[in-house]
Amino acid sequence: MDQKHEMAVSKMRELVETQGIPTQKCLDQTFLRFLKAKSMNPEKAAKMFVEREKWREEFVPLGFIPESEIADQLGDKKIYLQGLTKIGQHPFLICISSRHFTSASKDPLQFKKFIVYLFDKAISSSFNEGKEIGNEKIMAAVDLKSFPYKSIDARGFTITFNLLKAYYPGRLGKMYMLNAPGFFVSFWRMFSVFLDKDIQERIIFVSSEKEKESFIKEIGGEILPEENGGQSKLIAVQDVIIHSQINDPMS
């Protein structure tokens, strides 16, 4: 981290502490993610961080989301946590969209908790020797094969990207869209205009053979499921055991 970044992080720490939040457990890289999300403005980044801490204290009081509170979403068995990518060693989540039976519209609170559970578990799975670095990123893929038009869940996408923007800045590496039917591409063109440019640039549609080869090379055939050109079996996110949790100074 260069001197400019160090000064911004130091100023942000000072501003956060003046609002009654201790920062001894807060990592420099965590602060840097918030600063980058706010164009290196310490005041705006500190405000965002404080809001995030207050939100976690209220929304995730235990420091994690109990699986009993998201049983319906987990019951769909649509999200899988496959391990760390070959390039970058980032946690890789894959969604089998044809199994998305429990939409966000049915129970938006449960869906929001489900997304927080996924983000926290994926991030924690990449900790180095059980310790958070602060700049861990999530790689994800949405497999849209056999996805029916009636299952498009605009509210689900909105909740997901709003959570990323407000409380998980800098956490999304890339999100690949696989086997996208034409109607979904049309939907995405309309929906994506409401997303921040940074998020838009991280969504990648994979269609050509060259794009598929690049995708497989980046993720790694060792963790990609057989259905997507790899050698791995799907591993349901609830079956992955994580022994360490995301850093939570408010706990």
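Keep in mind the model is a prediction, meaning the values are calculated, not measured.

Our focus in this paragraph is the domain arrangement of the protein. According to the domain assignment, the protein consists of domain 1 (3-60) and domain 2 (67-239). One C-alpha centre belongs to domain 1, the other to domain 2, and the line joining them spans 26 Å. Contacts between the two partners involve 13 residues from domain 1, matched on the other side by 17 residues from domain 2. When domain 1 packs against domain 2, close to 1200 Å² is buried across both sides, 65% of that on carbon and sulfur atoms. Taken as a group, Arg33, Trp55 and Phe59 account for 50% of the area that domain 1 buries against domain 2, more than any other trio of residues on that side. The interface formed by domain 1 and domain 2 holds one salt bridge in total. The shortest N-O distance in the salt bridge between Arg56 and Asp120 comes to 3.0 Å. Looking at the side of domain 1 that touches domain 2, the elements that each hand over two or more residues are α2 (28-37) and α3 (42-59). Among the elements that make up the side of domain 1 that touches domain 2, the one with the highest residue count is α3 (six residues). Considered class by class, the residues forming the side of domain 1 that touches domain 2 number seven nonpolar, two polar and four charged.

Attention now goes to the environment of Gly221. By the element assignment, Gly221 lies in the segment after α9 (209-219). Sequence spacing of Gly221 and Thr85 is 136 residues, and the spatial spacing of their C-alpha atoms is 9.2 Å. Discounting residues that sit within four places of it in the chain, Gly221 has contacts with Ile216, Gly230, Gln231 and Ser232.

Looking now at the nonpolar core. Counting residues in hydrophobic clusters, the biggest one holds 44 residues, and the most contacted among them are Phe161, Met177 and Trp188. Within the residue set of this core, elements represented by two or more residues are α3, β1 (79-84), β2 (91-96), α5 (108-124), β3 (138-143), α6 (154-167), β4 (172-178) and α7 (182-191). By residue number, the principal contributor to this core is α5, which donates nine residues. When residues of this core are assigned to domains, at least three map to each of domain 1 (3-60) and domain 2 (67-239). Setting aside anything within four residues of it in sequence, one finds Phe161 in contact with Met175, Trp188, Phe191, Leu195, Ile199 and Ile203. One finds Phe31, Leu32, Leu35 and Val50 within the second-largest nonpolar core, a separate group that totals 16 residues.

Residue position: Asp239 is located in the segment after α9. Its relative accessible area of 52% is what places Asp239 among the exposed residues. In the structure, Asp239 is positioned 61 residues away from Leu178 in sequence and 24 Å away in space, judged by C-alpha atoms.

Rules used in this analysis
- Residues numbered from 1 in each chain as written.
- Predicted model: local features only at pLDDT ≥ 70, side-chain atom pairs only at ≥ 80, totals over all residues.
- Heavy atoms only, no water.
- Domains from an automatic or database assignment.
- Contact = heavy atoms within 4.5 Å.
- Buried area = accessible area lost by both parts, 1.4 Å probe.
- Salt bridge = Lys/Arg side-chain N within 4 Å of Asp/Glu carboxyl O.
- Helix = DSSP H or I, 4+ residues; strand = E, 2+ residues; numbered from the N terminus.
- Nonpolar A, V, L, I, M, F, W, Y, C, P; charged D, E, K, R; others polar.
- Core = buried A, V, L, I, M, F, W, Y, C linked by side-chain atoms within 4.5 Å.
- Buried < 20%, exposed > 50% of the residue type's maximum accessible area, 1.4 Å probe, protein only.

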